[in-house]
Amino acid sequence: MDDDIKERIEQARQNRDILFQDHSPRTAKLGIFSAGCLLVNRMIGTGIFETPKTVWMSTETTAGAILMWVLGGLISYAGLAVYLELGLTIPRYLVHGRWRSVPRSGGEKNYLEYIFRAPKFLATCIYAVIFIALGNSSGNGIVFARNFLQIIWYPEVVHIGDYKTGWIIKGIAVAVVTVACLLHGAWRAGGIWVQNSFAIMKIIILWFFIIAGLATYSRKIGGVPDPGVDLDRVKSFKTSVHFPGNYGPHGWINTLLDVSFSFGGFESANYVLSEVKDPARKLKWSTMGALTLVFVSYLLTNISFMTVVSAERLMSEEEKEISTVFIDTLFSSSGNAKRALPALIAISAFGNIAVTTFMTSKVKQEIAKEGVLPFSTFWPATIPDEMTPMPALLLHWLTSLILILSPPAKDTYLIFTRLNSYMTIAWFGVFLGGGLLYVGYFKQYVSDYNGGSYQWRNIAGFRPYFGPFFPALYFFSSLVIVVGAWVPPERGQYLADSTTKWFVVPTTGASLFALGVVYWFVLVKVLPIFYHKTLRVRRTPYLDREENFRFEEVITQWIAGAEESDEEEDPDLVS
């Protein structure tokens, strides 16, 4: 390392006005296996246990339900292709006289800022409001708490709407989210090890259901009189008389939202790209492999559920999820087996909480680096020994706490999953899929922050087969969800299997957009009038010889007369 660079790094470390973030090799990097486990752990949460019943009820046919899971998988592949292309291309730096792609943590934040550059800070502010509000662990915390109570046979757990039980569930949810934050804050390597372990356990859990369903179909276990009755080639395409049938096209749209939430997480590695070892070569293999494993497991798990549990039996147990009825059907005489299912779901929920805490804290740290949050020098800081973003973990904990305590426990999971899918999957899918179509296939030349111009196809770090097919599929499928969420049900005012009215999700989503615009207007237009200063952010990366992030220097200042612009400094190379 050159002496002048050493001196600059030491000065930056000592300067309280400069955030100096360390990505050096002594901090454990995510390899192919760990990056794949990150996706598996994030994708397999509680959705595969909570949503199959709603999907089946809303589509009203067995074939329709399976089709929605296949469609959700295809959309996820398209979305992953979009994220890989953007993540391995943006941002770009001048290294040895050549413009090179250097992947960085932050996910959609980086891509939206690149695609929608004007007005300055608008994309950042809108994204900050949405992600900080929704990028939390409230939904899975509630599910963990509910199943934990079932494990210990709490007598009132069946009355989840009861006031006393609801607050007990909220208290347990807060506790488990707190444990996850402390784990990642105090022991970074241990947090990664826990994530990998839970990813393996989740795959084992799903294949337990798959094998049990196969054994039931072959009549090796269980007392199911007619296994797979609803999977008949003719009957599976007919509307089941056992479902309410009140939802129509609105039910199908919300079903796609539910399935999208279950597949949500395919983009997880993009949130922590600075933590991934050699992402340019290894990321596509680990992410595509992980998504394929989850897709196959989800599809077979749903078929297994339908093999054991008929539509008639499912609707006779209205208060139970299909996974619960599955266990009740096969192991009706075993109390321990019935207690084991909540344990399996709780394990899955905790693994999802752990990985969500890890990756969303990194994104919130990147948001804070842009200076758009109050106390902007506090939130992006790290603990020197473990290199963990403790202030960002605190922010994650606070937002999770608010959402856990606000709505009734009975509706928290459904509201959160629908809203999360609607905003972070559907709306961001529209912006990123459409944006990539524009810059990658319709715009002849695109420019970088430093004035250079180039053709996207010549610099893309990843280019999938079939040209614009994947971004187009991701864009149009996301657009269908965004628009379709405003179509009311044919009969009734409520979402399937819920007391939540149908318009709550799209209306809340629109409100978050509006709040982001108001926040930007105050930050960029109103504050400069009163304080006669504007926000300026300068980010200087330090790369190793393999052109991966080693250090990053961030200076956020309010300067009199400064332009409303970020400055991406050309990187310095360190050995």
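Whatever comes next refers back to the structure up there.
Presented here is a report on the structure given in the accompanying data block. The shown structure was predicted, so the numbers you read here are calculated from the model rather than taken from an experiment.

1. Comments concerning the packing of helix α2 (residues 32–43) against helix α10 (residues 188–217)
- The N-to-C vectors of α2 and α10 enclose an angle of 60°; their axes lie 8 Å apart at closest approach. The angle between the axes of α2 and α10 places the two elements in the oblique class. When the axes of α2 and α10 are compared, the crossing they make is left-handed. When α2 is examined against α10, the residues Phe 33, Ser 34, Cys 37, Leu 38, Val 40 and Asn 41 are found in contact with a partner set consisting of Ile 192, Gln 195, Asn 196, Phe 198, Ala 199, Ile 200, Lys 202 and Ile 203.

2. Focus on the packing of aromatic side chains
- For the structure on display, the rule yields 27 aromatic pairs.
- Centroid distance Phe 208 to Phe 209: 5.3 Å. Interplanar angle 70°. Geometry classified as edge-to-face.
- Owing to a relative accessible area of 35%, Phe 208 belongs among the partly exposed residues under this scheme.
- Here the aromatic rings of Phe 431 and Phe 513 are separated by 6.0 Å at their centres, their planes lie at 80°, and the arrangement is edge-to-face. Within this pair, whereas Phe 431 is found in helix α18 (residues 409–442), its partner Phe 513 is found in helix α21 (residues 504–531), the two being separated by 82 residues in sequence.
- Look at Phe 513 and you get buried, because its relative accessible area is 15%.
- Here a set of aromatic residues connected by ring pairs shows up, and it is made of Phe 49, Phe 208, Phe 209, Phe 305 and Phe 326.
- Of note, Arg 117 hangs over the ring of Tyr 114, and the distance from its end group to the ring centre comes to 4.4 Å.
- Sitting over the face of the ring of Trp 167, Lys 170 holds its NZ or CZ atom 5.6 Å from the ring centroid.

3. Here we look at the pattern of salt bridges
- What the rule picks out here adds up to six salt bridges.
- Where Glu 275 meets Lys 362, a salt bridge forms, and the shortest distance between an N and an O atom there is 3.6 Å. One end of the pair, Glu 275, is in the loop between α12 (268–271) and α13 (279–308); the other, Lys 362, is in helix α16 (residues 335–369), with 87 residues separating them in the sequence.
- Asp 278 serves as the salt-bridge partner of Arg 281, at 2.5 Å between the closest nitrogen and oxygen.

4. Quick word on empty space enclosed by the protein
- For the structure on display, the rule yields eleven cavities of 30 Å³ or more.
- Put simply, the second largest cavity is a space of about 130 Å³.
- Around the second largest cavity sit 16 residues that line it, and Arg 42, Gly 135, Met 359, Asn 420 and Thr 424 are the ones nearest its centre.
- Put simply, the parts of the chain that give the lining of the second largest cavity at least two residues each are α7 (122–134), α16 and α18.
- For the lining of the second largest cavity, the residue count by class is seven nonpolar, seven polar and two charged.

5. Comments concerning the side chain of Arg 42
- You can see Arg 42 is positioned in helix α2.
- Excluding residues within four positions of it along the chain, Arg 42 makes contact with Gly 264, Gly 265, Ser 268, Asn 352, Val 355, Thr 356 and Met 359.

6. Structural notes on unusual backbone geometry
- In this structure, Pro 119 follows Ala 118 across a cis peptide bond, with omega equal to -5°.
- The backbone of Phe 121 shows a phi angle near 75°, a positive value even though the residue is not glycine.
- Tracing the backbone through its elements, the reader meets Phe 121 in the loop between α6 (108–115) and α7.
- Judged by its relative accessible area of 4%, Phe 121 is buried.
- Of note, Asp 278 is a non-glycine position whose phi angle comes to about 50°, a positive value.

7. A few points about the nonpolar core
- Residues Tyr 298, Phe 326, Ile 367 and Val 372 are the most contacted members of the largest nonpolar core, which totals 119 residues.
- Ranked by residue count, the leading element in this core is helix α5 (residues 62–87), at twelve residues.
- Sequence-distant contacts of Ile 367, that is, excluding residues within four places in its chain, are made with Lys 109, Tyr 127, Ala 128, Phe 131, Ile 132, Val 372 and Leu 373.

8. Some remarks on a nonpolar patch on the surface
- Together, Trp 207, Ile 211, Leu 293, Val 296 and Leu 300 make up an exposed nonpolar region whose accessible area comes to about 390 Å².
- Elements supplying a minimum of two residues to the nonpolar patch: α10 and α13.
- Among the secondary structure elements, Leu 300 is positioned in helix α13.

9. Observations regarding the side chain of Thr 59
- Relative to the assigned elements, Thr 59 resides in helix α4 (residues 52–59).
- When its relative accessible area of 3% is taken as the criterion, Thr 59 is described as buried.
- Of note is the side chain of Thr 59, whose polar atom sits 2.9 Å from the backbone oxygen of Val 55.
- Separated by 3.4 Å, the side chain of Thr 59 and the backbone oxygen of Trp 56 make a polar contact.
- The residues contacting Thr 59, other than those within four sequence positions of it, are Gly 64, Ala 65, Met 68, Trp 252 and Thr 255.

What counts as what
Residues numbered from 1 in each chain as written. Predicted model: local features only at pLDDT ≥ 70, side-chain atom pairs only at ≥ 80, totals over all residues. Heavy atoms only, no water. Axes fitted to C-alpha atoms, helices over the stretch in contact; angles between N-to-C directions. Helix = DSSP H or I, 4+ residues; strand = E, 2+ residues; numbered from the N terminus. Parallel < 35°, antiparallel > 145°, perpendicular 65-115°, else oblique. Left-handed = near helix turned anticlockwise from the far one by under 90°. Contact = heavy atoms within 4.5 Å. Phe/Tyr/Trp six-rings, centres within 6.5 Å; stacked < 30°, edge-to-face > 60°. Buried < 20%, exposed > 50% of the residue type's maximum accessible area, 1.4 Å probe, protein only. Lys NZ or Arg CZ within 6 Å of the ring centre and 35° of its normal. Salt bridge = Lys/Arg side-chain N within 4 Å of Asp/Glu carboxyl O. 1 Å grid on protein atoms, 1.4 Å probe; cavity = no way out; pocket = protein on both sides within 12 Å on 5 of 7 lines; lining within 4 Å. Points joined across faces, edges and corners; volume = space filled by probe spheres on them. Nonpolar A, V, L, I, M, F, W, Y, C, P; charged D, E, K, R; others polar. Core = buried A, V, L, I, M, F, W, Y, C linked by side-chain atoms within 4.5 Å. Patch = residues over 30% accessible without salt bridge, like charges linked within 9 Å, V, L, I, M, F, W, Y side chains within 5 Å. Areas by Shrake-Rupley, 256 points an atom, 1.4 Å probe, with all protein chains shown as cover. Polar contact = N/O pair within 3.5 Å; in protein donor to acceptor, adjacent residues only side chain to side chain.

These values are about where atoms sit, not about what they do.
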